[in-house]
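What follows is each chain in one-letter form.
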Amino acid sequence: MPIADEGRGEGEGGCETAQVPAPGDVRTPEAKPGRTPSHTPGRTPGHTPDRPLSPLSPLSPRTVLLFAVACGAAVSNVYLAQPLLATLSQDFGISAATIGAVVTLTQVGYGLGLFFLVPLGDLVDRRRLVMIQLLLLAATLIAVGTAATAPVLLAAIAAVGFLAVVTQTLVAFAASLAGADRRGRVVGLVTSGVVTGILLARTASGLLADLAGWRSVYLASAALTLVLTLALYRVLPRRTTPRPALRYGQLLRSTVTLFAEERLFRVRALLALLIFAAFSTLWSCVALPLSAPPMSLSHTAIGAFGLVGAAGALAAAPAGRLHDRGFAGPTTGIALVLLVLSWLPLAATRQSLWALAIGALVLDLAVQAVHVTNQSLIYALRPDAGSRLIGGYMVFYSIGSATGALASTTVYARAGWGAVCVLGAVFSALALLVWAVTLRSTTTARRCTTRP
């Protein structure tokens, strides 16, 4: 079909609006070597993206590694409770049908932090913001570890989620310090740390709970957070660009405006909601059938499955490199197909733990490949608004995670593990459908953008 016949997608104004890249497109003006965002028209006055410390001295591997470790440690706090749900239910008298609220409240707090805290990275010194968040996070972890009643526990759990968004502040920080030609790779490497932290959180949580009780899990995490705070204080650069001419209220409103203006942002945010609903459907609920008869696995054994899922981190760095090479679209499509297929072996969990291991591995590989591609694409839209884009995108991640956690535990209590797998497959299939439906208009936008 001639390009002229494809010039207008639904809700778009033809080639004049095709400069907005869509889900499979990485050929944005910002992504071209030699072109800096400051020379790109249409940017909000007063916004200048943070630049690398020196064009001759990009982020060192050691610094990227520290970013990855810090991100993994911070985000792990959102997932520490998952292997502990049965124990928390007994200790605080919370019913099995509603114990998923522990995970849901953490995700709700995380979502609020994404909207109210992460955008501050575009307004204030990111280094100072990271330090404050980490110190407060350590304090709330101590509050969880010493909680004596269910209301105190739930309030502190929500606060942990609110402050754990320092992870996304660090992701945006790393992306801002990386050159456009290697941004996908840096985001992929840092996200590898995020993925590892999410999944190893279950392993470490289960092991510590068996050795010293569930409270030791949160107290140990508080100590680790303080150590990382000191390490980051020594290496993170201060703001090297002028402060944007925005007030906090304007900053929050602009996040909503970006969502309305950038179609790619909307599509990738919806994909995030669905893939993380599927992700949370598995990991928020799998401890319940594994801890129940006839399996009756220990915290350590349940948490060990996080080691299998942690292999999903292996998909993060390659997905970032594929983004940099222009293959974001195919990477997304293949990963979403794998996500749907992963629920076939997962449905056989009660018959075989090997089936659970294979299904969890495929699911995590797929989710992280899409996640890294999403973040790399949307940051390239507006590097000057990187924190707001990443924060806004992750709001949908949090909504999806909270939805999956609450829905899966409710479905499990009423209909069992088979119904939970059907739920996860539905979330996954919807994500594949969204990608397929938006693919044609995405191709049209890319053709219009690259036309001579």
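Being a predicted model, the structure only gives us computed values, none of them experimental. (Residues numbered from 1 in each chain as written. Predicted model: local features only at pLDDT ≥ 70, side-chain atom pairs only at ≥ 80, totals over all residues. Heavy atoms only, no water.)

Peer 1: Explain the overall build of the chain to me, please; I cannot follow it from the model alone.
Peer 2: Scanning the chain from terminus to terminus reveals 18 helices and zero strands. Looking at the chain as a whole, 58% of its 452 residues are labelled buried. For the chain, contacts bridging at least 24 residues in sequence account for 85% of all contacts bridging at least 6. Carbon and sulfur atoms make up 68% of the accessible area of the chain, which amounts to about 17,500 Å² in all. (Helix = DSSP H or I, 4+ residues; strand = E, 2+ residues; numbered from the N terminus. Buried < 20%, exposed > 50% of the residue type's maximum accessible area, 1.4 Å probe, protein only. Contact = heavy atoms within 4.5 Å. Areas by Shrake-Rupley, 256 points an atom, 1.4 Å probe, with all protein chains shown as cover.)

Peer 1: Help me understand the nonpolar core, please; the structure alone is not making it clear to me.
Peer 2: Soluble globular proteins tend to bury their nonpolar side chains together. Formed by 127 residues in total, the largest nonpolar core has its most connected members in Y218 and L282. Top contributing element to this core by residue count: helix 10 (residues 263-283), with 13 residues. Residues in contact with Y218, not counting those within four places in the same chain, are L80, A81, L84, L141, V144, G145 and I157. (Core = buried A, V, L, I, M, F, W, Y, C linked by side-chain atoms within 4.5 Å.)

Peer 1: What is the right way to read the pattern of salt bridges from this model?
Peer 2: Two side chains bearing opposite charge may form a pair once their charged atoms approach each other closely. Evaluated as defined, the whole model comprises two salt bridges. For D122, the salt bridge identified is with R126, shortest N-O distance 3.2 Å. Classification of R126 by relative accessible area gives buried; the value is 4%. A cluster of three or more residues bridged by salt bridges with shared partners is formed by D122, R126 and R388. (Salt bridge = Lys/Arg side-chain N within 4 Å of Asp/Glu carboxyl O.)

Peer 1: Help me understand the confidence of the model for the chain, please; the structure alone is not making it clear to me.
Peer 2: Low-pLDDT stretches of the model should not have their predicted coordinates read in fine detail. When pLDDT is averaged across the chain, the result is 78; 80% of the residues are at 70 or more. Note on residues 1-57: pLDDT under 50 across the span, and 106 contacts to partners over four residues away in sequence or across chains. Low pLDDT, under 50, characterises residues 442-452; the predicted model gives this stretch 25 contacts beyond four residues in sequence or across chains. (pLDDT = per-residue confidence, 0-100.)

Peer 1: Any chance you could explain the packing of aromatic side chains here in plain terms?
Peer 2: Remark: the centre distance and the inter-plane angle together describe each pair of aromatic rings, the angle taken between the planes. Here the structure, examined in full by the defined rule, presents nine aromatic pairs. Relative to F173, the ring of F67 lies with its centre 5.9 Å away and its plane at 75°, an arrangement referred to as edge-to-face. Pair noted here: F67 is in helix 1 (residues 61-76) and F173 is in helix 6 (residues 166-177), with a separation of 106 residues, a long-range link. Within the aromatic cluster, the residues linked to one another by ring pairs are Y110, F276, F279 and Y397. Just above the ring of Y233 sits the side chain of R127; from NZ or CZ to the centre is 4.4 Å. (Phe/Tyr/Trp six-rings, centres within 6.5 Å; stacked < 30°, edge-to-face > 60°. Lys NZ or Arg CZ within 6 Å of the ring centre and 35° of its normal.)

Peer 1: Would you take a moment to explain the packing of helix 14 (residues 328-341) against helix 16 (residues 353-381) for this structure?
Peer 2: For any two helices packed against each other, the geometry comes down to the angle between their axes and how far apart the axes lie. Packing of helix 14 against helix 16 brings their axes to within 8 Å, and their N-to-C directions diverge by 150°. Taken as axis vectors, helix 14 and helix 16 run roughly antiparallel relative to one another. Considering how the two elements wind past one another, helix 14 and helix 16 form a crossing that is left-handed. On helix 16, the residues that touch A328, T331, T332, A335, L336, L338 and L339 of helix 14 are V362, L363, A366, V367, A369, V370, T373 and L377. (Axes fitted to C-alpha atoms, helices over the stretch in contact; angles between N-to-C directions. Parallel < 35°, antiparallel > 145°, perpendicular 65-115°, else oblique. Left-handed = near helix turned anticlockwise from the far one by under 90°.)

Peer 1: Could you clarify how one ought to interpret the side chain of S398 in this entry?
Peer 2: For S398, the position within the fold is in helix 17 (residues 386-415). At 3.0 Å, the side chain of S398 and the backbone nitrogen of G111 are in polar contact. If sequence neighbours within four positions are ignored, S398 has contacts with Q107, V108, Y110, G111 and L114. (Polar contact = N/O pair within 3.5 Å; in protein donor to acceptor, adjacent residues only side chain to side chain.)

Peer 1: Help me understand the environment of G392, please; the structure alone is not making it clear to me.
Peer 2: Structurally, G392 is set in helix 17. A relative accessible area of 7% means that G392 is categorised as buried. Between the alpha carbons of G392 and F265 there is a distance of 8.7 Å; along the sequence they are 127 residues apart. Apart from residues no more than four positions distant in its own chain, G392 is found in contact with T255 and F265.

Peer 1: Just to check I follow, could you spell out a nonpolar patch on the surface for this structure?
Peer 2: On the surface, I334, V337, L338, L341 and L344 cluster together to form a nonpolar patch covering roughly 470 Å² of accessible area. No other element matches the four residues that helix 14 contributes to the nonpolar patch. Mapped onto the secondary structure, L338 falls in helix 14. You can call L338 partly exposed: its relative accessible area is 37%. (Patch = residues over 30% accessible without salt bridge, like charges linked within 9 Å, V, L, I, M, F, W, Y side chains within 5 Å.)

Peer 1: Any chance you could explain helix 2 (residues 85-92) here in plain terms?
Peer 2: In an α-helix there are 3.6 residues to a turn, and that puts residues three or four apart on one side. Three or more residues of helix 2 are buried, namely L85, T87, L88, S89 and F92. Among the residues trailing helix 2, G93 stands out with phi positive, at a value near 65°.

Peer 1: Before we go on, may I ask you to explain the packing of helix 10 against helix 17 in this structure?
Peer 2: The interhelical angle for the contact between helix 10 and helix 17, taken along N-to-C directions, is 30°, at an axis separation of 7 Å. In this view, helix 10 runs roughly parallel relative to helix 17, as classed from their interaxial angle. The handedness of the crossing between helix 10 and helix 17 comes out as right-handed. Across the interface between the two elements, F265, R268, A269, A272, L273, F276, A277, S280 and T281 from helix 10 touch R388, L389, G392, Y393, F396, Y397, I399, G400, S401, G404, A405 and S408 from helix 17. Across the contact of helix 10 with helix 17, the residue classes break down as 12 nonpolar, seven polar and two charged. (Nonpolar A, V, L, I, M, F, W, Y, C, P; charged D, E, K, R; others polar.)

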